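Here are the chains, one letter per residue:
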Amino acid sequence: LFSFRASINLKVIANFSEKLFATHVVIKVPVPKNTSKSKIKNSFGRAKYEPEQNAIVWRIKRFPGKAECMLSVDLELVRTVRPKAWVRPPINVEFQVPMFTASGVHVRFLRVYDKSGYQTNRWVRYITKAGGYQVRI
């Protein structure tokens, strides 16, 4: 049986201030079920083919703001008996950006009224989390 080849080139740009950074970034790039081998090159983090998810999973611990990351994948696909068109599912992205609010909302003033003597800390934690972020290709 002959095999086919496919290539994936992905560029990710952090579109927020260079003073901030994203953490726990996980990018899942789906690949066809008949993928047999993959050759992966990436500029940040770690990427590997995970056959149980039918995806290239790219993990980046710390992604600085205004930075660009590249992922290049060469796939080897096994010929199937009954060829079927691949539907190209969306790319899934998970991330967190500490001390950033995507909406721009900031707490300017907060007063706590408590008669029990509770001691408050003057600190607000902002965090932006990706809910269900998907990109169609």
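Everything discussed here concerns the structure shown above.
Computed from a predicted model, the values in this text were never measured in an experiment.

**Quick notes on unusual backbone geometry**
Residues other than glycine seldom take positive phi values, yet K66 does so here, at roughly 65°. By the element assignment, K66 lies in the loop between β5 (55-64) and β6 (68-78). A positive phi angle, near 60°, is found at M99, a position not held by glycine. Positionally, M99 belongs in the loop between β7 (91-98) and β8 (127-129).

**Side note on the sheet that holds strand β3 (residues 35-42)**
Pairing within the open sheet is antiparallel, and its three strands lie in the order β1-β6-β3. Edge positions in the open sheet fall to β1 (3-13) and β3, since each of these has one partner strand only. Averaged over neighbouring strand pairs, the angle between their axes works out to 15° when direction is ignored. Two elements, β3 and β6, share seven bridges in a ladder whose sense is antiparallel. The residue of β6 that forms the bridge with N42 is L71.

**A look at the environment of Q53**
With respect to the helices and strands, Q53 occurs in the loop between β4 (46-50) and β5. Taking the C-alpha atoms as reference, Q53 lies 8.0 Å from P30; in sequence the two are 23 residues apart. Among the polar contacts made by the side chain of Q53, one reaches the side chain of E50 at a distance of 2.9 Å.

**Considerations on the packing of aromatic side chains**
If you walk through the whole model with that rule in mind, you get two aromatic pairs. Consider the rings of F16 and F100, whose centres lie 6.2 Å apart with planes at 35°: the pair is tilted. On the criterion of sequence distance, the pair formed by F16 in the loop between β1 and β2 (21-30) and F100 in the loop between β7 and β8 is long-range, its members being 84 residues apart. When the centroid spacing of 5.9 Å and the interplanar angle of 35° are considered together, the rings of F44 and F63 count as tilted. Placement of the pair is F44 in the loop between β3 and β4 and F63 in strand β5, with a sequence separation of 19 residues. The class of F44 is partly exposed, set by a relative accessible area of 28%. In this structure, R62 is placed above the aromatic ring of F21, and the distance from its NZ or CZ to the ring centre is 3.6 Å.

Cut-offs used in this document
- Residues numbered from 1 in each chain as written.
- Predicted model: local features only at pLDDT ≥ 70, side-chain atom pairs only at ≥ 80, totals over all residues.
- Heavy atoms only, no water.
- Helix = DSSP H or I, 4+ residues; strand = E, 2+ residues; numbered from the N terminus.
- Pairing = 2+ DSSP bridges.
- Axes fitted to C-alpha atoms, helices over the stretch in contact; angles between N-to-C directions.
- Polar contact = N/O pair within 3.5 Å; in protein donor to acceptor, adjacent residues only side chain to side chain.
- Phe/Tyr/Trp six-rings, centres within 6.5 Å; stacked < 30°, edge-to-face > 60°.
- Buried < 20%, exposed > 50% of the residue type's maximum accessible area, 1.4 Å probe, protein only.
- Lys NZ or Arg CZ within 6 Å of the ring centre and 35° of its normal.

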